[in-house]
Amino acid sequence: MATIVIDPGHGGATAVGGSSPNNAVGPTGLLEKSVTLDVGLRLAALLPGHTVALTRSTDVNLGLRDRALVARSRSADIFLSIHFNGWHVPTVQGTEVWTRGTHAASTTLADAVLDCLVRNLGHANRGVRSGNLGVLNPASHGASTARCLAEVSFMTEPAEETRLMTTAYLDRVARALCCGVEAYLLTLSGAQSMAMASGADWGFGSPLRRSSRSNGVASSRRDPDGYGSRRSRWGDGSDEEGE
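Notes on the structure in this doc start here. (Residues numbered from 1 in each chain as written. Predicted model: local features only at pLDDT ≥ 70, side-chain atom pairs only at ≥ 80, totals over all residues. Heavy atoms only, no water.)

**Points about the packing of aromatic side chains**
- Within the structure shown, the criterion is met by zero aromatic pairs.
- Of note, R163 hangs over the ring of Y169, and the distance from its end group to the ring centre comes to 5.7 Å. (Phe/Tyr/Trp six-rings, centres within 6.5 Å; stacked < 30°, edge-to-face > 60°. Lys NZ or Arg CZ within 6 Å of the ring centre and 35° of its normal.)

**Quick notes on the pairing of strand β5 (residues 125-130)**
- In this sheet, β5 lies alongside strand β4 (residues 95-99) in parallel orientation, the contact comprising four bridges. Residue pairing in the sheet places V97 in a bridge with V128 of β5. (Pairing = 2+ DSSP bridges. Helix = DSSP H or I, 4+ residues; strand = E, 2+ residues; numbered from the N terminus.)

**So, the pattern of salt bridges**
- Counted under the stated rule, the structure contains nine salt bridges.
- Here D38 and R42 are joined by a salt bridge, their closest N and O atoms 2.3 Å apart. You can see D38 and its partner R42 sitting in helix α1 (residues 32-45), four residues apart, about one turn around the helix.
- The partly exposed category is assigned to D38, whose relative accessible area is 26%.
- Using a relative accessible area of 21% as the deciding quantity, one classes R42 as partly exposed.
- Residue R126 pairs with E96 through a salt bridge whose shortest N-O separation is 2.6 Å. With R126 in strand β5 and E96 in strand β4, this residue pair connects regions lying 30 residues apart in the sequence.
- For R126, a relative accessible area of 7% corresponds to the buried category.
- On the accessibility criterion, E96 (0% relative accessible area) is buried.
- A single salt-bridge network, built from bridges that share partners, covers D38, R42 and D171. (Salt bridge = Lys/Arg side-chain N within 4 Å of Asp/Glu carboxyl O. Buried < 20%, exposed > 50% of the residue type's maximum accessible area, 1.4 Å probe, protein only.)

**Side note on the state of the cysteines**
- A complete count under the given rule lists one disulfide for this structure.
- The disulfide bridge from C116 ends at C179, spanning 2.0 Å between sulfur atoms. On the S-S bond that ties C116 to C179, the torsion sits near -55°, and the link is left-handed. Remark: C179 occurs in helix α5 (residues 167-188) and C116 occurs in helix α3 (residues 104-121); sequence separation between them is 63 residues. (Disulfide = S-S within 2.5 Å.)

**Here's the deal with the environment of G12**
- Mapped onto the fold, G12 is located in the loop between β1 (3-8) and α1.
- A C-alpha to C-alpha distance of 8.0 Å links G12 and N22, two positions 10 residues apart in sequence.
- When sequence neighbours within four positions are dropped, the list of residues in contact with G12 reads P21, K33, D59, V60 and N61. (Contact = heavy atoms within 4.5 Å.)

**What to know about α5**
- Counted at 1.5 Å a residue, the expected span for α5 with its 22 residues is 32 Å, and the 32 Å between its end C-alpha atoms agrees.
- Looking one or two residues past α5, G190 carries a phi angle of roughly 70°, positive in sign. (Expected span 1.5 Å × (residues − 1).)

**Observations concerning the nonpolar core**
- Ranked by internal contacts, the top residues of the largest apolar core, which has 41 residues, are V39, L43, L80, I82, F84, V113 and L177.
- Elements that contribute at least two residues to this core include exactly β1, α1, β3 (78-85), α3, β6 (146-154) and α5.
- Considering each element in turn, this core owes the most residues, 11 residues, to α5.
- Contact partners of I82, with chain neighbours within four places excluded, come to I6, D7, P8, G9, T36, V39, G40, L43, A150, V152 and L177.
- Ranked by size, the runner-up nonpolar core spans 12 residues in total, among them V5, A53, A71 and L133. (Core = buried A, V, L, I, M, F, W, Y, C linked by side-chain atoms within 4.5 Å.)

**Observations regarding the side chain of T145**
- With respect to the secondary-structure elements, T145 resides in the loop between β5 and β6.
- For T145, a relative accessible area of 1% puts it in the buried group.
- At 2.6 Å, the side chain of T145 and the backbone oxygen of A76 are in polar contact.
- Not counting chain neighbours up to four residues away, the residues in contact with T145 comprise A76, D77, I78, F79, H103 and S106. (Polar contact = N/O pair within 3.5 Å; in protein donor to acceptor, adjacent residues only side chain to side chain.)

**Let's talk about α3**
- The terminal C-alpha atoms of α3, which comprises 18 residues, lie 26 Å apart, in line with the 26 Å expected from a rise of 1.5 Å per residue.
- In terms of residue burial, α3 counts as a mostly covered element, since 14 of its 18 residues are buried.
- G122 sits one or two positions beyond α3 and adopts a positive phi of about 80°.

Rendered as structure tokens:
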């Protein structure tokens, strides 16, 4: 049994401690904060064998540090922040997962989450990236907590927004994230081969592999590729990026 903290990004109506109330908005008005909460609740329900806590379970906002402290106060094994991307070009699509610094456990978790999301949702693999995300600040987390932030997809693509309005697809996203969490936990027990054996349930077609690392592109949270990445807000006037 593991202790897992799920962080549905954003929330509420005002910025709090570097956390904006909402970021991405779909073409017809679907809000990122609503989708992250929906998916977070679905994911929590898929992890009955573990101790699970959510940083929020309603439409409220918490500061980035306070979100991280939910995990620290519980000595969590995993902290997973759920987000959806947005861009002004509606054809841009892909999945990316963010870490901060060089933390081996976090990198392994990010690889597992990205692998499962790409396999199960079918979006382009935009790699595991690193940036100064406030919610992943190591000073706010326990040293043993694996932590990452998943940008599941670009909800500004019209077809993706439509999918995100259906129960079946929201369940699919939650199952893909669950797959990543369980795959990471298997690596802790040295039983990665078990991920292959149970792969039919989660969409695994081959062993967990190391995900691409931005293909040599400098990681900038504002625009990692020079195109198609979220225009994020900066928190508290510091050198950390807010979400």
